[in-house]
Amino acid sequence: MRECEEVRLAQALAEKLNSVKRNDWLRWARMWGGDLEAGLRWAREMGRDPNLSESTRRAMEQIARGVMALREDLERLSPLERLRVFGWVARLLRIRERENFSTPARRR
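Residues numbered from 1 in each chain as written. Predicted model: local features only at pLDDT ≥ 70, side-chain atom pairs only at ≥ 80, totals over all residues. Heavy atoms only, no water.

Q: Outline the overall build of the protein, supporting the account with residue identities and numerical values.
A: For the protein, the count of helices and strands is six helices and zero strands. The N-to-C order of helical and strand elements in the protein reads α-α-α-α-α-α. Across its three principal directions, the C-alpha atoms of the protein cover 45 × 40 × 20 Å. Expressed as a percentage of its 108 residues, the buried residues of the protein come to 39%. Sequence-distant contacts, at least 24 apart, represent 72% of the contacts inside the protein between residues at least 6 apart. Counting only carbon and sulfur atoms, one obtains 49% of the accessible surface of the protein, whose full area is about 7000 Å². In the protein, 24 positive and 17 negative side-chain charges are present, and the distance between their average locations comes to 6 Å. (Helix = DSSP H or I, 4+ residues; strand = E, 2+ residues; numbered from the N terminus. Buried < 20%, exposed > 50% of the residue type's maximum accessible area, 1.4 Å probe, protein only. Contact = heavy atoms within 4.5 Å. Areas by Shrake-Rupley, 256 points an atom, 1.4 Å probe, with all protein chains shown as cover. Lys, Arg positive; Asp, Glu negative; His and termini not counted. Charge placed at Lys NZ, Arg CZ, Asp CG, Glu CD.)

And the structure:
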């Protein structure tokens, strides 16, 4: 897969991860990036775990929904390609976080 295609897939996935923080995404991707089925199962379980914070539960639910929505595309990738896409997703989430924390006075 060419880099531009990886970035487009990453953008599509990042758009589905509405309020997911980069750290929540990286935690999931590092643990489950190689096994989407187990990763989806784990994210769904964590999304229902009453012992976790509301923000973590919400993040896991969004990850499960986002990955499910693009599952066919993600499963077609080699493990290395999938890890690169997940890395692009992390970068895009970081950019979104920075933009959300910027104040109008800081932007130029």
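Alright, that's what it looks like, and here's the rest.
Q: Give a detailed account of the packing of helix H2 (residues 22-32) against helix H6 (residues 79-101), specifying residues and quantitative values.
A: Taken N-terminus to C-terminus, the directions of H2 and H6 make an angle of 170°; their axes are 9 Å apart at the nearest point. As summarised for this structure, H2 and H6 are arranged roughly antiparallel, according to the angle between their axes. For the crossing formed where H2 meets H6, the hand is left-handed. Of the residues in H6, those in contact with Arg 22, Trp 25, Leu 26, Trp 28 and Ala 29 of H2 are Phe 86, Val 89, Ala 90, Leu 93, Arg 94 and Glu 97. (Axes fitted to C-alpha atoms, helices over the stretch in contact; angles between N-to-C directions. Parallel < 35°, antiparallel > 145°, perpendicular 65-115°, else oblique. Left-handed = near helix turned anticlockwise from the far one by under 90°.)

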